[in-house]
Amino acid sequence: MNRGEFRALAASRILLLDGATGTELAKRGMPAGVCPELWACEHPEAMRDIRRRYLAAGSDIVYAPTFGGNRCKFSEFGLADRVREIVSELAAAAKADAPDALVFGDIAPTGKFVEPCGDLPFEEAVAVFRESAEALLDGGVDGFAIETMMDLQEARAALLAVREVAPDLPVLVTMTFESGGRSLTGVHPVAALNALQSLGADAFGCNCSTGPKEMAEIIAAMAPYARIPLVAKPNAGLPRLEGGRTVFPMGPDEFSACAEALVTAGAGILGGCCGTSPAHIARLSEAAEGVPPPQLPASPPALISSVSEIVEVSTHAPFTVIGERINPTGKKAFQAELRANRTDMALDFALQQVAAGAKILDINMGLSGIDEAGMMRQTMTRLLKAVSAPLCIDSTDPETVETALRLYPGRALLNSVSAEKRKLEKILPLAAKYGAMPILLPLTDAGIPATADERMAVLEDILAACAEYGYTPADVCADALIMTVSAEARAARTSLEFISRCRERGIATVCGLSNVSFGMPARPLLNRTFLGMAMGRGLNLAIANPLFPELMEMTLAGDALLDRDPNMAKFLDRFAAAPPETARPSAAAESVSPAEQLRRTILRGDAEAVPARIDELLKLGTPPAEILNAILIPAITEVGQKYEQKEFFLPQLISGAEAMQRGTACLEQLLSDANAETGAAGKPKIIIATVKGDIHDIGKNIVAVVLRNYGLDVVDLGKDVPPEVIIDTAVRENVRVVCLSALMTTTMGAMRETVALARKRGRNELRFIVGGAVVDQCFADELGACYGADPMSTMRHARRLLEQNDSVPKE
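Keep in mind that this is a model prediction, so the values were computed, not measured.

## A short note on the environment of Leu391
Right, on to step 1. Here Leu391 is to be found in strand S15 (residues 391-394).
Right, on to step 2. Classification of Leu391 by relative accessible area gives buried; the value is 1%.
Right, on to step 3. Note: C-alpha distance between Leu391 and Asp573 (182 residues apart in sequence) is 26 Å.
Right, on to step 4. When neighbours within four sequence positions are excluded, Leu391 is seen to be in contact with Ile360, Leu361, Ile363, Met380, Leu384, Tyr408, Ala412 and Leu413.

This is the structure we're talking about:
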């Protein structure tokens, strides 16, 4: 089945996926702590029975049992060299058992974070997933299911790998979203949908994390923006431990009763995740019988997006300013910095422009004498850790464009694609491959068309080329091609006419605003005046300098007058609360003390800038202990508070903690010398481990990173750790606090065994913190342990317990 046939099938009726595999394998004898894929390979009769039951229940698509079938996961069992063998064998067996059904190869997370916010290089992640995809293809799968992703960048790596291996086969992608409507890494569901459907997913949705009722809310939020079918594969509620066994609270009847809500919300592909069984799918099949699939919106809004923010680009959306300053043209200091391979000014420009109201940031690294592609990658990597605004990639170099679009974790705006032969042959295919929204520049190899009619004719030619890659007029943006009036008096009028024509055609327009006034006096006045005229004609975006308050005020007033600001809410919020003389923000640079600069550096997780900030404070005579206690610790505490208040998400928490660690490393020798004089102790030590029988460690790894970066010496024992090893290590290392993690209810008992062993051996001084997806406060109370609900609460418990043991100085 090719992608078109799959889309047609999904449009014709509700499609049913299968349910849980892991819990079904456990029912058939799979022990805890083993490699599930190897066990399934060695016990084909178990998987055959599971598949037979799901097919009988009504599943249209069953997944090959290859969830952890990647090199990163297999290496944990010493099986890295058997990925292709085991994965292809499992896929072939699935296809042999289900010749009349669709078999999709299952691809799931590596357990690592991918750059730019993680330490797994992006291309290495793509290679890991490519190996798995090739093995699944060798096994004869009909398509692919990329599931349980919580990181958009990892999902992108997997989708790119599959698309490069099997461009014609359908791919479903599902991510896990928490009860607050974001993934653990802060990914917005609509942003994920936008990025992945643009990158080539054939269906997108949610699996795991929640029950069907909560999942329906997330599906409903995505539905207005969907150009592909939406998928819902919820759990049978959240698991709990009863009598030593795992219980999922929703039975088949209650689970299937939610089918109507999921379909009404917009899901046309349904299945079950943890805790569901063939009985759940059978009842779901009955509930979906005869129900027509939801219709996709006829004209969903065109969006560009980062991981966490979306910006609509259309003829009726609010006006958007694209910050222009990250561009070396005419900026000698910035040019010098780029040639010195530094990115400090680029980051400062980004932060200033976002604070001033820019919704998108243009990045241009076009400068002679530098590696443009390398500098684009370096700058993007730094910016992506500090700002959440979507990016506009501005380059004419194909290598730079591909470098940026391949790495960017979202859907970028691309500046630009013209009718020049080289652009159509080199740049447009890259925009399509990576799902970028292109800015169309009505320019040919012969030059700039003189009239609006000629420019529209060129634009139609570019649109025709774009249509071959699946773009529609609503999914591109046209450059109004602003020329300076100092050289051509009619330049502004020609561009205004072009903007009007594009609005009639239903095409959004953008311009490089400052071009109009080049070589003229009173440039800000000319820019503002032209902006007002252009907004009246229908201009939708401008690449401009948002640090001019008058210009930003013009956009607010324009939206209010053109009815693009519902109830004039933004205009009133900006001006109604303050008297006129104080309404306008100052464009002057803010004077910030070195201490405040260091604080802000920690808050934005900019580890690269920390040493220079600390060095500046040391030169001013600030004592190392004061830098640590009065600046670094309060700053990282603020990061933790923002994380708990959902202002920050996991990437910001980790980046902030890494910046903190960089700061303490800079001060370490100075503090050690001071401690040696006073007799103060070094870093307090703590143990962390995933308990016996449980092979899930990504949550444990995250907590370990945060604890280290908050100044603790973490002894990480890994996963599937027996109670004896944990207690023996605690005694040997003279540790007083132990953190235990479990993801499965079937392994929660190992936490109880570990605590009991400590008490049996008389190690009553040991204090335990327990956490993981299946652990709650009640269970922790039963053990007499602290409940680590998330990395920050675990850190607070650890410090408090260590303070009680006089092992760490109180703050």
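Alright, that's what it looks like, and here's the rest.
## A look at the pairing of strand S14 (residues 360-363)
Right, on to step 1. Where burial is concerned, the two faces of S14 agree: the one with Ile360 and Asp362 and the one with Leu361 and Ile363 are both buried.
Right, on to step 2. In this sheet, S14 lies alongside strand S13 (residues 320-326) in parallel orientation, the contact comprising three bridges. From the neighbouring strand, Ile326 faces S14, where its bridge partner is Ile363.
Right, on to step 3. Bridge count for S14 against S15 is three bridges, and the pairing is parallel. Looking across to S15, one finds that Ile363 is bridged to Ile393.
Right, on to step 4. For the crossover from S14 across helix H16 (residues 372-384) to S15, the handedness is right-handed.

## Quick word on the sheet that holds strand S23 (residues 737-741)
Right, on to step 1. With parallel pairing, five strands are arranged side by side in an open sheet as S22-S21-S23-S24-S25. Two strands bound the open sheet, and with one partner strand each, they are strand S22 (713-716) and strand S25 (786-787).
Right, on to step 2. With four bridges joining them, strand S21 (residues 685-690) and S23 adopt parallel strand pairing. Looking at S23, one finds that Ile688 is bridged to Cys739.
Right, on to step 3. The strands touched by helix H29 (residues 698-709) are S21, S22 and S23; relative to S22, the strand with the most contacts, the crossing angle is about 160°.
Right, on to step 4. Contacts between helix H30 (residues 723-732) and the sheet are confined to S21, S22, S23 and strand S24 (767-771), with S21 contributing the most and set at about 170° to the helix.

## Some words on empty space enclosed by the protein
Right, on to step 1. Scanning the entire structure with this criterion turns up one cavity of 30 Å³ or more.
Right, on to step 2. Size it by volume and the largest cavity reaches roughly 30 Å³.
Right, on to step 3. Lining the largest cavity are Asp18, Thr21, Met47, Ile50, Arg51, Tyr54, Val62 and Tyr63.
Right, on to step 4. Those elements giving two or more residues to the lining of the largest cavity turn out to be helix H4 (44-57) and strand S2 (61-63).
Right, on to step 5. If one sorts the elements of the lining of the largest cavity by residue count, H4 sits on top with four residues.
Right, on to step 6. By residue class, the composition of the lining of the largest cavity is five nonpolar, one polar and two charged.

## Here we look at the packing of aromatic side chains
Right, on to step 1. This structure, assessed with the given rule, holds three aromatic pairs.
Right, on to step 2. Taking the centre distance of 6.1 Å and the plane angle of 45° together, the rings of Phe6 and Phe104 count as tilted. Within this pair, whereas Phe6 is found in helix H1 (residues 3-12), its partner Phe104 is found in strand S3 (residues 102-107), the two being separated by 98 residues in sequence.
Right, on to step 3. Aromatic side chains Phe571 and Phe575 sit 4.9 Å apart centroid to centroid with 45° between the ring planes, which places their arrangement in the tilted category.

## Re the sheet that holds S2
Right, on to step 1. Read across the sheet, eight strands follow the order S1-S10-S7-S6-S5-S4-S3-S2 without closing on themselves; strand pairing throughout is parallel. Each edge of the open sheet carries a strand with a single partner, namely strand S1 (15-16) and S2.
Right, on to step 2. In the packing of helix H9 (residues 189-199) onto the sheet, contacts are made with strand S5 (171-175), strand S6 (203-207) and strand S7 (230-233), and the angle to S6 comes to roughly 145°.
Right, on to step 3. Where helix H10 (residues 212-222) meets the sheet, it contacts S6, S7 and strand S10 (267-270), and its direction lies at approximately 155° from that of S6.

## What to know about the pairing of strand S17 (residues 437-441)
Right, on to step 1. Of all five residues that make up S17, five are buried, and the element is covered over most of its length.
Right, on to step 2. Here S17 shows a buried face lined by Met437, Ile439 and Leu441 and a second buried face lined by Pro438 and Leu440.
Right, on to step 3. Two elements, strand S16 (residues 413-418) and S17, share five bridges in a ladder whose sense is parallel. Residue pairing for S17: Leu414 is matched across the bridge by Pro438.
Right, on to step 4. For the crossover from S16 across helix H18 (residues 421-434) to S17, the handedness is right-handed.
Right, on to step 5. For S17 and strand S18 (residues 477-479), the ladder comprises two bridges, and the chain directions are parallel. Bridging from a neighbouring strand, Ile439 pairs with Cys477 of S18.
Right, on to step 6. In the classification by handedness, the crossover that spans S17, the intervening helix H19 (residues 452-467) and the parallel S18 is right-handed.

Conventions used here
Residue numbers run consecutively from 1 along every chain, following the written order of its sequence. Per-residue local features are limited, in this predicted model, to residues with pLDDT of at least 70; the limit for side-chain atom pairs, both in listing and counting, is 80 or more; totals at the level of whole chains, interfaces and linings are taken over all residues. Computation of side-chain values: all heavy atoms of the structure, hydrogens and water removed. Secondary structure is summarised from DSSP: a helix means a run of H or I of at least four residues, a strand means a run of E of at least two, and numbering begins at the N terminus for each. Note on exposure labels: buried denotes an accessible area under 20% of the residue type's maximum, exposed denotes more than 50%, and partly exposed covers the range between, all computed with a 1.4 Å probe on protein chains only. Contacts between residues were defined by any pair of non-hydrogen atoms, one from each residue, lying within 4.5 Å. For two strands to count as paired, DSSP must find a minimum of two bridges between them. A crossover counts as right-handed when, viewed with the strands pointing away from the observer, the path leading from the first strand over the helix to the second turns clockwise. Axes, fitted as lines to C-alpha atoms, cover a helix only where it is in contact. Angles between the N-to-C directions of the axes lie from 0 to 180 degrees. Whether a set of points on the 1 Å grid over the protein atoms alone is a cavity depends on a 1.4 Å probe fitting there but being unable to get out, while an open set qualifies as a pocket with protein on both sides within 12 Å along at least five of seven lines; lining residues are those with an atom within 4 Å of a point. Grid points are joined across faces, edges and corners, and a volume is the space filled by probe spheres set on the points. Asp, Glu, Lys and Arg are counted as charged, while Ala, Val, Leu, Ile, Met, Phe, Trp, Tyr, Cys and Pro are counted as nonpolar; the rest, among them Gly, fall into the polar class. Centres within 6.5 Å are what make two rings of Phe, Tyr or Trp a pair, Trp counting through its six-membered ring; a difference in plane orientation under 30 degrees is then read as stacked, over 60 as edge-to-face, and the rest as tilted.

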